[in-house]
Amino acid sequence: MTSGTAHANGIDIAFEDSGGTGPVVLLVMGLGMQLIAWPASLVDALTSAGYRVLRHDNRDAGLSTHLHDAARSNLMWQALRMRMGLALDVPYGLQDMAGDALGLLDALGIAQAHVLGVSMGGMIVQRMAATAPDRVLSLTSVMSSSGARHLPGPRTEVAAAMLRRPPRRSAGEDALVDHSVGLLRLIQSPAWPLDDAVLREQVRTALRRNYDPAGTQRQLLAIWADSERPALLSRIVCPALVLHGEADPLLPVECGRDTARRIPGARFVGVPGMGHDWPPAVAAQLAGHVLPFLQDAEPRRQSAA
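An account of the accompanying structure is given in this report. These figures come from a predicted structure and were not determined experimentally.

## Let's talk about the environment of Trp278
With respect to the element layout, Trp278 can be found in the loop between strand S8 (267–271) and helix H11 (280–304). Those residues within four positions of Trp278 in sequence are excluded, and the remaining contacts are Met29, Ala37, Trp38, Pro39, Val118, Met143, Ala283 and Leu286. For Trp278, the side chain forms a polar contact with the main-chain oxygen of Ala37, separated by 3.3 Å.

Rendered as structure tokens:
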């Protein structure tokens, strides 16, 4: 496994690359999350199957470029404009983030890749597959959404927690951990709750690597502003797998079903008891669905060409 930074799409992108000569699987992370959040068991399963696994920090997360000079927005006002169907003024969109991922592939000399994204990452890889079909071998969208406006939103308590102002760094590390753990507990898989000590250690490790709530807010605005994506999904031609937890309190399972309905030929798999996270039992199930799909995707793509 090698770590590095690539200059792509006008920014610096931190990445980790398992190396090897097998087909590339690009993993794209969700809102405010870093590349270290990928379950080691999933990464190991992919590399053991012969895939070259590439992970990166999205812009405004982890060790990639943070747009600190971008104008600040009033989140509540932007949320109101979104509900009213009005255009949002945002520093960048999800298409820019898709361009980051494609730029990383360019920087590493990778012509094509299987792409797998979770939550916001699922939205980013949907855009990659729709707008750069020659670069994407297959698409896997996990606990994500088509972005259609009629879809159900988060549970009330989850939405309130996401809009709650995070503590300043000066509040101390324990206060930051408490805030993040409180949100993660609201969206966890009810069938497999994580041990509190394990969850707190994961959060603490992420916070020590990077903490930028303003960057997470800019990512959230990019999600809210992405009103054109539902219509784009019909343009996706690669094999597509949509995985979604049936107990997801952040993006209800209907969001995944709608994504699969809009992508021609997509397969939908609902996971009972799964929320908006991946404890070990969920990560194992995801690997069990993703590996056969990837192994079958290339022959299906070639026969369709």
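## Structural notes on the nonpolar core
Counting residues in each nonpolar core, the largest one holds 52 residues, and the members touching the most others are Leu26, Met128 and Leu139. Apart from residues lying up to four places away in sequence, Leu139 is in contact with Val115, Val125, Gln126, Ala129, Ile236, Cys238, Pro239, Ala240, Leu241, Ile263 and Phe293. Listed in part, the 26 residues of the second largest apolar core include Val25, Leu27, Val282 and Val290.

## Re the sheet that holds strand S4 (residues 52–56)
Within the open sheet, the 8 strands sit side by side as S1-S2-S4-S3-S5-S6-S7-S8. Their pairing is mixed. Each edge of the open sheet carries a strand with a single partner, namely strand S1 (2–8) and S8. In this sheet, adjacent strand axes meet at a mean angle of 20 degrees when their direction is disregarded. Alignment of strand S2 (residues 11–17) against S4, held across 3 bridges, turns out to be antiparallel. Paired with Glu16 across the strands is Arg55, a residue of S4. Relative to the sheet, helix H4 (residues 120–131) contacts strand S3 (24–28), strand S5 (113–118) and strand S6 (136–142), its axis offset from that of S5 by approximately 145 degrees. In the packing of helix H10 (residues 253–262) onto the sheet, contacts are made with S6, strand S7 (240–245) and S8, and the angle to S7 comes to roughly 170 degrees.

## Side note on the pattern of salt bridges
Where charged atoms from two side chains of opposite charge come close, those side chains can pair. The tally for this structure, following the rule as stated, stands at 17 salt bridges. The residue Arg55 makes a salt bridge to Glu16 at a minimum N-O spacing of 2.7 Å. Placement of Arg55 in strand S4 and of Glu16 in strand S2 is noted, with a sequence separation of 39 residues between them. Each member of the pair, Arg55 together with Glu16, is buried. One salt bridge connects Arg135 with Asp106, and the closest N-O pair in it is separated by 2.9 Å. Of the two residues, Arg135 sits in the loop between H4 and S6 while Asp106 sits in helix H3 (residues 94–107), which places them 29 residues apart along the sequence. Exposure remark for Arg135: the relative accessible area of 14% places this residue in the buried category. By relative accessible area, Asp106 is classed as partly exposed at 48%. Among the charged side chains, a salt-bridge network with shared partners connects Glu173, Asp174, Arg204 and Arg208.

## A short note on helix H6 (residues 173–187)
In this model H6 runs 22 Å from its N-terminal to its C-terminal C-alpha over 15 residues, within 8% of the 21 Å that 1.5 Å per residue would give. For H6, every residue scored as buried is listed here: Leu176, Val177, Val181 and Ile187. The buried side chains of H6 occupy one side of the element, clustering within an arc of 125 degrees when seen end-on. Those residues of H6 that are buried lie in contact with helix H5 (156–163) and helix H7 (196–209).

## Points about the side chain of Ser145
Within the element layout of this structure, Ser145 appears in the loop between S6 and H5. Ignoring sequence-local partners within four residues, the contact set of Ser145 consists of Met123, Gln126, Leu151, Arg229, Leu251, Cys255 and Thr259.

About the cut-offs
Residues numbered from 1 in each chain as written. Predicted model: local features only at pLDDT ≥ 70, side-chain atom pairs only at ≥ 80, totals over all residues. Heavy atoms only, no water. Helix = DSSP H or I, 4+ residues; strand = E, 2+ residues; numbered from the N terminus. Contact = heavy atoms within 4.5 Å. Polar contact = N/O pair within 3.5 Å; in protein donor to acceptor, adjacent residues only side chain to side chain. Core = buried A, V, L, I, M, F, W, Y, C linked by side-chain atoms within 4.5 Å. Buried < 20%, exposed > 50% of the residue type's maximum accessible area, 1.4 Å probe, protein only. Pairing = 2+ DSSP bridges. Axes fitted to C-alpha atoms, helices over the stretch in contact; angles between N-to-C directions. Salt bridge = Lys/Arg side-chain N within 4 Å of Asp/Glu carboxyl O. Expected span 1.5 Å × (residues − 1). Arc of directions from axis to C-beta.

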